[in-house]
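# Fold and contact review
Here's the letter readout for the chains.
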Amino acid sequence: MAMKIGFFGCGNMGAALALGIKKINPSVELYFYTPTQTRARDLALKTKGHFVEELGDMPEKLDWYILSFKPQSLAGFHFNFLPQAKLLSVLAGVSIETLAKKFSVSKICRLMPNTPSSLGMGANLFFGAPEVSENDNLSIRHLLEGLGSLFVMKSEEEIDQLTPFSGSGPALVFELARIFESELQKLSGGNIDAREIIAQTFLGSAYLMKHSSLSFDELRAQVTSQKGVTYEALKVLKENNLEDLFSEAFKSCYNRVTEIKEEIHRNNK
Ligand SMILES: NC(=O)c1ccc[n+]([C@@H]2O[C@H](COP(=O)([O-])OP(=O)(O)OC[C@H]3O[C@@H](n4cnc5c(N)ncnc54)[C@H](OP(=O)(O)O)[C@@H]3O)[C@@H](O)[C@H]2O)c1
């Protein structure tokens, strides 16, 4: 029988998940709810799924329910899940313990996706509570393969620790790309397609990182001859402590994950 999955929230992540899941298993039946209806209706159309008009109309015996709204919306979200219901949450920084207490369910998995998941190219972190059976754990992991690579974490804490690198990571990469693009535009007076040149440079570099047997250090060294042009650029970055700056940014991001987690835990007691 086709698996049935209910979505609460159909924004960037909800849509990426629904489309990725449908790609891996076209027979899966999807149900979508959002408070303002538009995005749930659109996604239902795109996936040939069901648009759920009212929260209370979400069927209560689906195989999985996916929580894909903002963590801040959790306090105002109320749904009576059956005790045996299975939940997959993408809410950053919201622990399984918080969700278990709020909804009185124990079969909960967490997923930390990132935006490249919308193209099936994400680095997705996964953790399943011990209460989720091996079979259920495997079947939801299989469905998530359409989002990109799935990395199974040994503990829930690992998801939070890795959030600055996977969940937030693309934003840091895009910020670098923006700086490259802006500098190139300044230099060229806007006469060349800076965006395309930079996007292709990042894409090609990412392919090399993924497919070469060389370490990132060695790949950088391949482009950097002693006293050459790249050497000068890297020297400036080193003299200005780029690595320390990134280290601080990652720490700050992780601290915020911890703060949000505590805030949400307090608000959902
Ligand atoms: N974006 C990322 O890169 C990223 C990475 C990792 C994890 N996440 C996690 O993914 C989750 C969703 O992020 P997003 O970027 O997809 O957010 P988003 O684009 O803002 O979408 C949020 C969705 O949640 C819906 N919603 C709001 N309140 C709701 C409620 N009470 N019940 C059901 N649905 C509700 C919204 O409905 P309307 O359409 O009616 O407004 C909207 O469809 C967050 O928890 C975030 O931590 C995101």
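Scroll up a little and you will see the structure.
Predicted, not measured: the structure shown is a model, and the values here were computed from it.

Within the chain, lysine 48 stands out as a residue other than glycine whose phi angle is a positive 55 degrees. Within the fold, lysine 48 resides in the loop between α2 (38-47) and β3 (50-51). For lysine 48, a relative accessible area of 76% corresponds to the exposed category. Phi is positive for asparagine 241, close to 55 degrees, though the residue is something other than glycine. You can see asparagine 241 is positioned in the loop between α9 (229-239) and α10 (242-267).

For the rest of this paragraph, the subject is the environment of alanine 85. Tracing the backbone through its elements, the reader meets alanine 85 in the loop between β4 (64-67) and β5 (86-89). Remark: the alpha-carbon pair of alanine 85 and aspartate 63, spanning 22 residues in sequence, is separated by 7.4 Å.

With that settled, the discussion passes to the packing of helix α1 (residues 12-24) against α2. As a packed pair, α1 and α2 sit with axes 11 Å apart at the nearest point and diverge in direction by 15 degrees. With respect to each other, α1 and α2 are oriented roughly parallel. Seen along the crossing, α1 lies across α2 with a hand that is right-handed. Contact residues: α1 offers Gly14, Ala15, Ala18, Leu19 and Lys22, while α2 offers Leu43, Lys46 and Thr47.

Take the packing of aromatic side chains next. Applying the stated criterion to the full structure yields 15 aromatic pairs. The interplanar angle of 65 degrees and the centroid separation of 6.5 Å between the aromatic rings of phenylalanine 8 and tyrosine 33 together place this pair among those described as edge-to-face. Remark: tyrosine 33 occurs in strand β2 (residues 29-33) and phenylalanine 8 occurs in strand β1 (residues 4-8); sequence separation between them is 25 residues. Across the pair, tyrosine 33 and phenylalanine 8 agree in class, each one buried. Ring geometry for phenylalanine 8 and phenylalanine 81: centres 5.9 Å apart, planes at 85 degrees, overall edge-to-face. With phenylalanine 8 in strand β1 and phenylalanine 81 in the loop between β4 and β5, this residue pair connects regions lying 73 residues apart in the sequence.

With that settled, the discussion passes to the pattern of salt bridges. On inspection of all chains with the given rule, the structure shows 12 salt bridges. Between arginine 220 and aspartate 217 there is a salt bridge, with its nearest N and O atoms 3.3 Å apart. Here arginine 220 pairs with aspartate 217, and both are found in helix α8 (residues 216-222), just three residues apart, close to one helical turn. If you follow the salt bridges from partner to partner, you end up with Arg110, Glu156, Glu157, Asp160 and Lys261 in one network.

This next bit is on the site of the ligand. The local shell around the ligand holds 23 residues, among which Cys10, Met13, Thr36, Arg39 and Phe69 are the closest. Note that an oxygen atom of the ligand is positioned 3.0 Å from one of the backbone N or O atoms of asparagine 12. When the ligand is considered free in solution it has 900 Å² of accessible area, and contact with the protein chains removes 83% of it.

Basis of the calculations
- Within any chain, residue numbers begin from 1 and follow the written order of that chain's sequence.
- Whole-chain, interface and lining totals are the exception, using all residues; otherwise, since this is a predicted model, local features are given only for residues with pLDDT of at least 70 and side-chain atom pairs are given and counted only at 80 or more.
- Values shown for side chains rest on all heavy atoms present in the structure; no hydrogens or waters enter the calculation.
- We count a stretch as a helix when DSSP gives it H or I for four or more residues in a row; a strand needs E for two or more, and each element gets its number in order from the N terminus.
- Here's how the labels work: a residue is buried when its accessible area is under 20% of the maximum for its type, exposed when over 50%, partly exposed in between, all with a 1.4 Å probe on protein chains only.
- In this analysis an axis means a line fitted to C-alpha atoms, helices contributing only their contacting stretch, and an angle means the value between N-to-C directions, from 0 to 180 degrees.
- Any angle that falls under 35 degrees is termed roughly parallel, while one over 145 is termed roughly antiparallel, one within 65 to 115 roughly perpendicular, and all others oblique.
- Two helices crossing with the near one rotated counterclockwise from the far one by less than a right angle form a left-handed crossing, whereas a clockwise rotation gives a right-handed crossing.
- Contact between two residues is taken to exist if any of their heavy atoms lie within 4.5 Å; hydrogens are not considered.
- Here the aromatic set is Phe, Tyr and Trp, taking the six-membered ring for Trp, and pairing holds for ring centres within 6.5 Å; pairs whose planes are under 30 degrees apart are stacked, those over 60 apart are edge-to-face, and all others are tilted.
- Salt bridges are defined by distance alone: a side-chain nitrogen of Lys or Arg within 4 Å of a carboxyl oxygen of Asp or Glu.
- One heavy atom suffices: a residue is near a molecule or strand as soon as one of its heavy atoms comes within 4 Å of it.
- Whenever a nitrogen or oxygen atom comes within 3.5 Å of another N or O atom, the pair is scored as a polar contact, on the condition that within protein one atom can donate a hydrogen and the other can accept it, and that pairs from neighbouring residues in sequence are kept only if both atoms are in side chains.
- The Shrake-Rupley method, run with a 1.4 Å probe, gives the accessible areas here. Residue values count only the displayed protein chains as cover.

Honestly, that's just the spatial picture; any functional story needs more than this.
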